[in-house]
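Examination of the molecular architecture
Okay, here's what each chain looks like letter by letter:
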Amino acid sequence: MSVATAEVSQVLRVGVSRCLLGDRVRYDGRHKWFPGLQAELARLHLQAVPVCPEVEAGLGVPRPPMQLVRRDGGTRLMEAGAPHADRTDVLTRAARRLAGLDEISGFILKSGSPSCGLDVPVFDAWGLEVARDEGLFVQCLRAGRPGLPIIDEIRWADRKQRLLFLEAVKRYAAPDPQSCPPDGAGTIAGADA
Ligand code: SF4
């Protein structure tokens, strides 16, 4: 049996960037609602746990836009165009709290964000792009929850990558990875649709 026909034996929880769910938490007070995501999660019996690391960090809505900046040999989360507005530490503290969320078996994150994005530009002090990296929240998640499956909404929209993510969520949720049967006696229903 594949995950396509598996029985649902438990509800798995996945963190989701709040702006993808239609919450107006972006720096400009808007959202980035991703059509169909909530319905698809419900159909798969996955429970969405809405998370906005920048709001959790107390940065407010609206707030100045952020960007990753290469500085003193490291990468910092800064307010765009404000060389003294370093938000790295406050967001890192919030991200560490969020990484400890109970029973989260994966994360669906907003692409392009200096906090949530999986591949975002890093700028130098003059505003030139000098590298690409993962957003600060993603880096904290990987450090705090090694192996946690993470995907963004662009990859989620790709059926093959979505299925790989769902399989990874199922494996991550299994108490003992060896105990998760390869044919998936059950956690995610209808995942191949
Ligand atoms: S920090 Fe993440 S969840 Fe919050 S608005 Fe930006 S992309 Fe969305």
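Throughout what follows, the structure given in this document is the object of discussion. Everything numeric here is computed off the predicted structure, so don't read it as measured data.

1. Here's the deal with helix 3 (residues 88–99)
Taking 1.5 Å of rise per residue, twelve residues should cover 16 Å, and helix 3 covers 16 Å from first to last C-alpha, within 8% of that figure. Along helix 3, the residues classified as buried are T88, L91, T92, A94, A95, L98 and A99. Looking straight down helix 3, one finds that the buried residues subtend no more than 165 degrees of arc, so they occupy a single side. What points out from helix 3, more than 90 degrees from its buried face, is the exposed set R93, R96 and R97. Packing partners of the buried residues in helix 3 comprise strand 2 (46–51), helix 2 (53–56), strand 4 (74–79) and helix 4 (136–144).

2. Quick word on the sheet that holds strand 1 (residues 12–17)
Across the sheet, which stays open at both edges, the four strands sit in the order 2-1-5-8 with parallel pairing between neighbours. Unpaired on one side and paired on the other, strand 2 and strand 8 (150–152) mark the two borders of the sheet. The sheet shows a mean angle of 30 degrees between the axes of neighbouring strands, direction not considered. Direction of pairing for strand 5 (residues 104–109) relative to strand 8: parallel, over a ladder of three bridges. If you follow I108 over to strand 8, its bridge partner there is I151. Lying over the sheet, helix 4 contacts strand 2, strand 5 and strand 8, oriented at roughly 165 degrees with respect to strand 5.

3. A closer look at the side chain of E134
Relative to the helices and strands, E134 is located in the loop between strand 7 (129–133) and helix 4. The residues touching E134, leaving out its near neighbours within four places in the chain, are L68, G117, L118, V120, Q139 and R142.

4. Structural notes on the pattern of salt bridges
Using the criterion set out here, one finds 14 salt bridges in the structure. Between R43 and E40 there is a salt bridge; the shortest N-O distance is 3.2 Å. In this pair, R43 and E40 both sit in helix 1 (residues 37–43), three residues apart, roughly one turn of the helix. Residue D89 is joined to R76 by a salt bridge in which the shortest nitrogen-to-oxygen separation is 3.5 Å. Highlighted residues: D89 in helix 3 and R76 in strand 4, separated in sequence by 13 residues. The exposure class assigned to D89 is partly exposed, which follows from its relative accessible area of 45%. Salt bridges linked by common partners bring E40, R43 and R162 together as one network.

5. A few points about the environment of D23
With respect to the helices, strands and loops of the structure, D23 is situated in the loop between strand 1 and helix 1. Residue class for D23 comes out partly exposed when judged on its relative accessible area of 26%. Residues D23 and W33, ten residues apart in the sequence, show an inter-C-alpha distance of 7.6 Å. If sequence neighbours within four positions are ignored, D23 has contacts with R18, R30 and H31. There is a polar contact of 3.0 Å between the side chain of D23 and the side chain of R18.

6. As for the packing of aromatic side chains
Where two aromatic rings form a pair, the distance of their centres and the angle of their planes describe that pair. Taken as a whole, this structure holds two aromatic pairs when the rule is applied. Summarising the aromatic geometry, the rings of F107 and F137 are spaced 5.5 Å apart at their centres and angled 85 degrees between planes, so their arrangement reads as edge-to-face. Of this pair, F107 sits in strand 5 while F137 is found in helix 4, placing the two residues 30 residues apart along the sequence. Residue F107 shares its accessibility class with F137, and that shared class is buried. When the centroid spacing of 6.1 Å and the interplanar angle of 75 degrees are considered together, the rings of W156 and F165 count as edge-to-face. Comparing W156 with F165, the two get one shared label, buried. Stacked on the ring of W156, the Lys or Arg R162 has its end atom at 5.9 Å from the ring centre.

7. Focus: the nonpolar core
If you look at soluble globular proteins, the nonpolar side chains tend to sit buried side by side. Core analysis: the biggest nonpolar cluster contains 27 residues, and F107, L109, F137, L141 and I150 have the highest contact counts within it. Of all the elements in the fold, those that place two or more residues in this core are strand 2, strand 3 (66–71), helix 3, strand 5, strand 6 (120–123) and helix 4. Once residues within four sequence positions are removed from consideration, L141 is found in contact with A99, F107, L109, P146, L148 and I150. Counting 15 residues, the second-largest nonpolar core is a separate cluster that includes V16, L20, L37 and L44.

Reading the values: the criteria
Residues numbered from 1 in each chain as written. Predicted model: local features only at pLDDT ≥ 70, side-chain atom pairs only at ≥ 80, totals over all residues. Heavy atoms only, no water. Helix = DSSP H or I, 4+ residues; strand = E, 2+ residues; numbered from the N terminus. Expected span 1.5 Å × (residues − 1). Buried < 20%, exposed > 50% of the residue type's maximum accessible area, 1.4 Å probe, protein only. Arc of directions from axis to C-beta. Contact = heavy atoms within 4.5 Å. Pairing = 2+ DSSP bridges. Axes fitted to C-alpha atoms, helices over the stretch in contact; angles between N-to-C directions. Salt bridge = Lys/Arg side-chain N within 4 Å of Asp/Glu carboxyl O. Polar contact = N/O pair within 3.5 Å; in protein donor to acceptor, adjacent residues only side chain to side chain. Phe/Tyr/Trp six-rings, centres within 6.5 Å; stacked < 30°, edge-to-face > 60°. Lys NZ or Arg CZ within 6 Å of the ring centre and 35° of its normal. Core = buried A, V, L, I, M, F, W, Y, C linked by side-chain atoms within 4.5 Å.

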